[in-house]
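Single-letter residue listing:
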Amino acid sequence: MLHYSIFLKFCHFLNENAKKASVSSSIVLEYDRSHKGENQLSYRIARAMNDLTKPFKRLPVALIGTGSYVPETRLTNSDLEKMVETSNEWIIERTGIEERRIAAPGEKTSDMATQAAKRAMEAAGVTAEEIDLIIVGTVTPDTFTPSTACYVQANIGAVNAAAFDISAACSSFLFALKTAVQYIGCGQARTALIISSEKLSHIVNWEDRSTCVLFGDGAGAAVLRTGTGIEGDSAILASDIGSDGTLTDLLLVPGGGSAIPTTEENIHEKLYTLAMRGNEVFRYAVAHMKDSALSLIERTGIKPEEVNVVIPHQANLRIINAVAQRLGIPVERVFINLQKYGNTSGAACAIALDEAIRSGKAKKGDIVLMVTFGAGLTWSSAAIRL
Ligand code: ACO
C-alpha cells in the first residue's frame, strides 16, 4: 500500500512537471532542439510520462541514416545457364534479374548486417553507444539462437542496446521499422538500428531452376531516432504490416525446424531449401502490396502524385510494374535495382532505400513510399519523409 501511494505521488510529480513544461511531444522536442540534443531531461520526462500516463501523445520518429552491403561475388544469368536448364532471356523476361551477389563461404548473415549497420551509423552520425535498440530481420540467421542481432551488437560495440531478431521474410525490414517506431514513439528507445540481412544462397536449391534464378545475398540498414515533429523535417509518416497465416505453404523452408527436424534423409531431399508456388505468390504479392500501400495513402492523406519515390520489394519486375500501375504512380518514380541483386528478401527494399538516397534519386524532404511482400504470407508498407 505504501509503495502504491509513493508510485501515485511519483506519477503526480511527473504530471505536474510535465504540465509546467507544457509537455506536448512537440514542445518536449523543441526543448531538446534548443539544447542541441545534449540535455535529455525533456526526453526523460516524456519517456516517464509515456510509461505512466494515458492517453499520451506519441513521439515523432525520424530516419537519420541508411547503409547497405552486398558481397563481391556476382552470379550472372549466363553462369546459371551452366548450372540448370534456363536461359538469360527467360530470366530477364520473366523476372528482370540480370545478376545477383553471393556471399563468400565463411561470410555470415551477421557479417553482412554489420557492414550495412556501420555504413548507416556513419551516415546518421551516431556512435554505437547511442544505439539503444537493434532489430534484425532475417530468415537466414547465423544460428537459431542467439539472435543475429546479438552478434551484430557485439560486432559494433552497441553496449547500451537491447537486440533481437524478427522473422517476416521479405517484409522483415518494414516489420522491423514498424516495431522500432513503436518503441521510439512510446519513449522506450531513442535511437534504433534496424537491419535486414540475408544469406539466401545458403537455403536455395541450386538444382531447382524455378527458384535458384531469383535469389541473392545482401544487407540493408537504417537508423531511426526521436524526431522533431516539425513540418518538413524527416518523419516516419505511417506504416502498415499484415499477415495471412493460412497461406504458409505457398513459400517456405519446410525442414530444419521443429515440424520436420533435420535428418540425413531430408538433407538429401533438400528440405532445408526454399520451396515456392511462384504463380500463386505472384498473384497475392500484387494484391497485398497494392492494398497495403493504398491504406497508407488514405491514412496519411498523401496523394499518389505527391509520392516522390516508390521503393517496392525487389522480387520481380512484373510485380513491380503491376503494383505501380494499380497505385497510379508512373514507373519512372519507382526505384528498381533488382537487375543487379535479384531478390534478397527483407534486405531488398533496405538496400534499395540506401541506394536511392546515396544516388540522389531520393532527396531530403522527399516522400518515399516503401512496400513489400513475402513468405508467411506477410506484407508491409511505410510512408517516410526523408
Ligand atoms: N528457366 C526456364 N524456364 C523456367 C524457369 C527458369 N528459370 N523456371 C520456371 N520455368 C518454366 C516452368 O517450368 C514452366 O514451364 P512449363 O510451362 O513447361 O510447365 C514455365 O517456365 C512457366 O513457369 P511459371 O512458374 O508459370 O512462370 P512465371 O511466369 O510464374 O514466373 C516466377 C515464375 C518468376 C517465380 C514468378 O511466378 C514470380 O516471380 N513469383 C513471385 C515470387 C515472389 O515474389 N516471391 C516474393 C517473396 S520471396 C520471399 O519471401 C523469400
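Residues numbered from 1 in each chain as written. Predicted model: local features only at pLDDT ≥ 70, side-chain atom pairs only at ≥ 80, totals over all residues. Heavy atoms only, no water.

Draft legend 1. Quick look at the nonpolar core. Grouped together as the largest cluster of nonpolar side chains are 44 residues, with contacts concentrated most on Met289, Leu369 and Phe373. Listed by contribution, the elements that provide at least two residues to this core are helix H11 (278-300), helix H12 (317-327), strand E12 (367-374) and strand E13 (378-385). No other element matches the seven residues that H11 contributes to this core. Discounting chain neighbours no more than four positions away, the residues touching methionine 289 are Pro312, His313, Ile319, Val323, Val371, Thr372 and Phe373. Counting 34 residues, the second-largest nonpolar core is a separate cluster that includes Leu63, Phe173, Ala180 and Ala350. (Core = buried A, V, L, I, M, F, W, Y, C linked by side-chain atoms within 4.5 Å. Buried < 20%, exposed > 50% of the residue type's maximum accessible area, 1.4 Å probe, protein only. Helix = DSSP H or I, 4+ residues; strand = E, 2+ residues; numbered from the N terminus. Contact = heavy atoms within 4.5 Å.)

Draft legend 2. Spatial organisation of the packing of helix H6 (residues 109-124) against helix H7 (residues 148-156). Relative orientation of the contacting elements H6 and H7 amounts to 55°, with a least axis distance of 9 Å. With respect to H7, the axis of H6 lies oblique. For the pair H6 and H7, the crossing hand works out as right-handed. Packed against H6, whose contacting residues are Thr109, Ser110, Ala113, Thr114, Lys118 and Met121, the element H7 presents Thr148, Tyr151, Val152, Asn155 and Ile156 at the interface. (Axes fitted to C-alpha atoms, helices over the stretch in contact; angles between N-to-C directions. Parallel < 35°, antiparallel > 145°, perpendicular 65-115°, else oblique. Left-handed = near helix turned anticlockwise from the far one by under 90°.)

Draft legend 3. Focus on the site of the ligand. In the vicinity of the ligand there are 25 residues, among which Thr86, Arg94, Cys170, Asn279 and Asn316 approach most closely. Between the ligand and arginine 209, the relevant distance is 2.9 Å, taken from a nitrogen atom to a main-chain nitrogen or oxygen of the residue. Here asparagine 279 contributes a side-chain N or O atom positioned 2.8 Å from an oxygen atom of the ligand. Coverage of the ligand by the protein chains reaches 74% of its 1,000 Å² of free accessible surface. (Near = heavy atom within 4 Å. Polar contact = N/O pair within 3.5 Å; in protein donor to acceptor, adjacent residues only side chain to side chain. Areas by Shrake-Rupley, 256 points an atom, 1.4 Å probe, with all protein chains shown as cover.)

Draft legend 4. A look at H12. Every buried residue of H12 is accounted for by Ile319, Ile320, Ala322, Val323, Ala324 and Leu327. Put simply, asparagine 316 is the residue that caps the front of H12, since its side-chain oxygen is 2.7 Å from the backbone nitrogen of arginine 318.

Draft legend 5. Fine view of the packing of aromatic side chains. If you walk through the whole model with that rule in mind, you get one aromatic pair. On the numbers, 6.3 Å between centres and 45° between planes, the contact of phenylalanine 164 with tyrosine 183 is tilted. Of this pair, phenylalanine 164 sits in strand E5 (residues 162-166) while tyrosine 183 sits in helix H8 (residues 172-185), and the two are 19 residues apart along the sequence. Owing to a relative accessible area of 25%, phenylalanine 164 belongs among the partly exposed residues under this scheme. The ring centre of tyrosine 284 lies 5.1 Å from the NZ or CZ of arginine 283, which sits over that ring. (Phe/Tyr/Trp six-rings, centres within 6.5 Å; stacked < 30°, edge-to-face > 60°. Lys NZ or Arg CZ within 6 Å of the ring centre and 35° of its normal.)

Draft legend 6. Seen up close, the pairing of strand E4 (residues 133-137). Judged by how many residues are buried, E4 sits mostly within the fold: five of five residues are covered. The pairing of E4 with E5 spans five bridges and is classified as parallel. What sits directly across from isoleucine 135, in E5, is phenylalanine 164. For the crossover from E4 across H7 to E5, the handedness is right-handed. Summarising the sheet, E4 and strand E6 (residues 191-199) pair through five bridges and their orientation is parallel. Paired with leucine 133 across the strands is alanine 192, a residue of E6. (Pairing = 2+ DSSP bridges. Right-handed = clockwise from strand over helix to strand, strands pointing away.)

Draft legend 7. Region of interest: unusual backbone geometry. A cis geometry characterises the amide bond from threonine 145 onward to proline 146, with omega recorded as 5°. Across the junction of glycine 376 and leucine 377, the peptide omega takes the value -10°, indicating a cis bond. Looking at the element boundaries, leucine 377 is found in the loop between E12 and E13. Even without being a glycine, lysine 270 presents a positive backbone phi close to 60°. Looking at the element boundaries, lysine 270 is found in the loop between helix H10 (264-268) and strand E10 (275-276). The phi angle at serine 345 is positive, at roughly 55°, despite the residue not being glycine. Turning to its location among the elements, serine 345 is positioned in the loop between helix H13 (338-341) and helix H14 (347-358). Since its relative accessible area comes to 4%, serine 345 is described here as buried.

Draft legend 8. Main features of H7. When we look at burial in H7, the residues that qualify are Thr148, Ala149, Val152, Gln153 and Ile156. Viewed along the axis of H7, the buried residues span an arc of 145°, placing them on a single side of the element. Buried residues along H7 sit in contact with H6, E4, E5 and E6. In the stretch just after H7, glycine 157 is the one whose phi turns positive, near 75°. (Arc of directions from axis to C-beta.)

Draft legend 9. Inspection of the sheet that holds strand E7 (residues 217-226) at higher detail. Strand order in the open sheet formed by five strands is E1-E7-E6-E4-E5, and the pairing between neighbours is mixed. Both edges of this open sheet fall to strand E1 (61-69) and E5, since each of them pairs with a single strand only. Pairwise comparison of adjacent strand axes, ignoring direction, gives a mean angle of 15° for this sheet. On the sheet, H6 packs against E1, E6 and E7 and is oriented at approximately 130° with respect to E1.

Draft legend 10. The arrangement of a nonpolar patch on the surface in detail. A contiguous nonpolar surface patch, about 230 Å² in accessible area, is contributed by Val253, Ile267 and Tyr272. Position of valine 253 relative to the elements: it lies in the loop between strand E9 (251-252) and H10. On the basis of relative accessibility, which here comes to 33%, the residue valine 253 falls in the partly exposed class. (Patch = residues over 30% accessible without salt bridge, like charges linked within 9 Å, V, L, I, M, F, W, Y side chains within 5 Å. Salt bridge = Lys/Arg side-chain N within 4 Å of Asp/Glu carboxyl O.)

Draft legend 11. Quick look at the sheet that holds strand E11 (residues 309-312). Pairing in this open sheet of four strands is mixed, and the strands run E8-E13-E12-E11 from one edge to the other. With partners counted over all chains shown, the strands left at the sheet margins are strand E8 (235-243) and E11, one partner each. Direction aside, neighbouring strands of the sheet carry axes that sit 10° apart on average. Relative to E13, E8 runs antiparallel, the two sharing eight bridges. Bridged to serine 243 within E13 is threonine 378. Against the sheet, H14 contacts E11 and E12, and its axis sits at roughly 150° relative to E11.

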